[in-house]
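# Breakdown of the fold
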Amino acid sequence: MAARDPHRFVNDLDDEAIDRLITRLESRAKDGVFTNLIEKYSSQLLRANPAQVLEVGCGTGAMIRSLVRREEFTGSAVGVDQSIPFIKAAKALAQQEFIDERLEFRTGDAHHLEFPSAGFDTVIANTLISHVTDPVRVLEEMARVVKSGGTVVIFDGDYSSLTYAFPDYDFGCQMDSALANASFCNPRIMRELPGMLADIGLQLKTAWGDAVVEIGKASYFKSFAETYAPYVSSSGLMTAGEVEHWLSVQQQAMESETFFAACNYYTYLLGRA
Ligand SMILES: C[S@@+](CC[C@H](N)C(=O)[O-])C[C@H]1O[C@@H](n2cnc3c(N)ncnc32)[C@H](O)[C@@H]1O
């Protein structure tokens, strides 16, 4: 069976798999490793005092909720995602956090945004672009709905750099590559982005990279491995026995605090050309 990015095909998953992804999205958003990366670009965005913000592929709304909760944010925001259960969870969480009056969630497809042109000051794709069927089309839609002078944010991992230490080097490389290919439609999109922008009518304002690294103890990459390794065997890239063996070696490394994993993440702030 071919690799099937679970976030791309989220609407084909059963309830248990959806619940696991909801748990992963919410736990990732609370992990210090991840909050630091989001904080870095959110604080830049807030300096421009955006009145209308859109997050495309918002999942459970973890990123956009964190932006709306901030004191400095005085505008309103909309989150769009293709998954009905994710949007349902997003609405419930926004209500619990008493931010639902300034934050709306809707189902929709990132390839065909149901918004008029030039309506938003900021349009964000937070770990969306690696999962979509047609990244160019999604970027064109983001460019269309952002105001002239506004900002498009593309934040995602470069999953060809994803690596877990493993005693057998070849096997470890095979599993790293299988994990990237089973979990992401476009694992290398963040290194391809600079060459795509001009044709889309976007220009680079600024960009930077962060290495996410866990050494000794694991939290971010523990949850990543446990959530996504099962898709490596279900997509036939490696056998269930091989994936189980790899997971047990990672588990032992976590227990003995000899763990190592890393991945590069990139943030692009773009404007309309
Ligand atoms: C890794 S999650 C990120 C969720 C959220 N941005 C966050 O950072 O927590 C990727 C999300 O993209 C959504 N997605 C993938 N393809 C989509 C599409 N074509 N239209 C809308 N949402 C899409 C998935 O449903 C999933 O919620």
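Our subject is the structure listed above.
Residues numbered from 1 in each chain as written. Predicted model: local features only at pLDDT ≥ 70, side-chain atom pairs only at ≥ 80, totals over all residues. Heavy atoms only, no water.

For the rest of this paragraph, the subject is the packing of helix H1 (residues 15-30) against helix H4 (residues 84-96). Where H1 meets H4, the closest approach of the two axes is 11 Å, and the angle between their N-to-C directions is 45°. In terms of orientation, H1 lies oblique with respect to H4. Handedness of the H1/H4 crossing: right-handed. From H1, Ile-18, Leu-21, Ile-22, Leu-25 and Glu-26 reach across to H4, where they touch Pro-85, Phe-86, Ala-89 and Leu-93. The residue inventory of the contact of H1 with H4, partitioned by class, reads 8 nonpolar, no polar and 1 charged. (Axes fitted to C-alpha atoms, helices over the stretch in contact; angles between N-to-C directions. Helix = DSSP H or I, 4+ residues; strand = E, 2+ residues; numbered from the N terminus. Parallel < 35°, antiparallel > 145°, perpendicular 65-115°, else oblique. Left-handed = near helix turned anticlockwise from the far one by under 90°. Contact = heavy atoms within 4.5 Å. Nonpolar A, V, L, I, M, F, W, Y, C, P; charged D, E, K, R; others polar.)

Here Val-68 lies in helix H3 (residues 62-69). Overall, Val-68 belongs to the buried group, its relative accessible area being 0%. Those residues in contact with Val-68 that lie beyond four places of it in its chain are Phe-73, Ala-77, Ile-99, Arg-102 and Leu-103. (Buried < 20%, exposed > 50% of the residue type's maximum accessible area, 1.4 Å probe, protein only.)

Before going further, it helps to spend a moment on the packing of aromatic side chains. Counted under the stated rule, the structure contains 17 aromatic pairs. Here Tyr-164 and Phe-259 contribute two aromatic rings whose centre-to-centre distance is 5.9 Å and whose plane-to-plane angle is 80°, an arrangement assigned as edge-to-face. One end of the pair, Tyr-164, is in strand E5 (residues 146-164); the other, Phe-259, is in strand E7 (residues 259-272), with 95 residues separating them in the sequence. Exposure remark for Tyr-164: the relative accessible area of 2% places this residue in the buried category. (Phe/Tyr/Trp six-rings, centres within 6.5 Å; stacked < 30°, edge-to-face > 60°.)

The next subject is the sheet that holds E5. Here we have 7 strands laid out as an open sheet, ordered E3-E2-E1-E4-E5-E7-E6, and mixed in their pairing. Looking at which strands have only one partner, the edges of the open sheet turn out to be strand E3 (103-107) and strand E6 (202-216). For this sheet, the mean inter-axis angle between neighbouring strands, taken without regard to orientation, is 15°. Relative to E3, strand E2 (residues 76-81) runs parallel, the two being bridged by 5 bridges. Residue pairing in the sheet places Val-78 in a bridge with Glu-104 of E3. This element, H3, spans strand E1 (52-56), E2, E3 and strand E4 (120-126) of the sheet and lies at about 165° to E3. (Pairing = 2+ DSSP bridges.)

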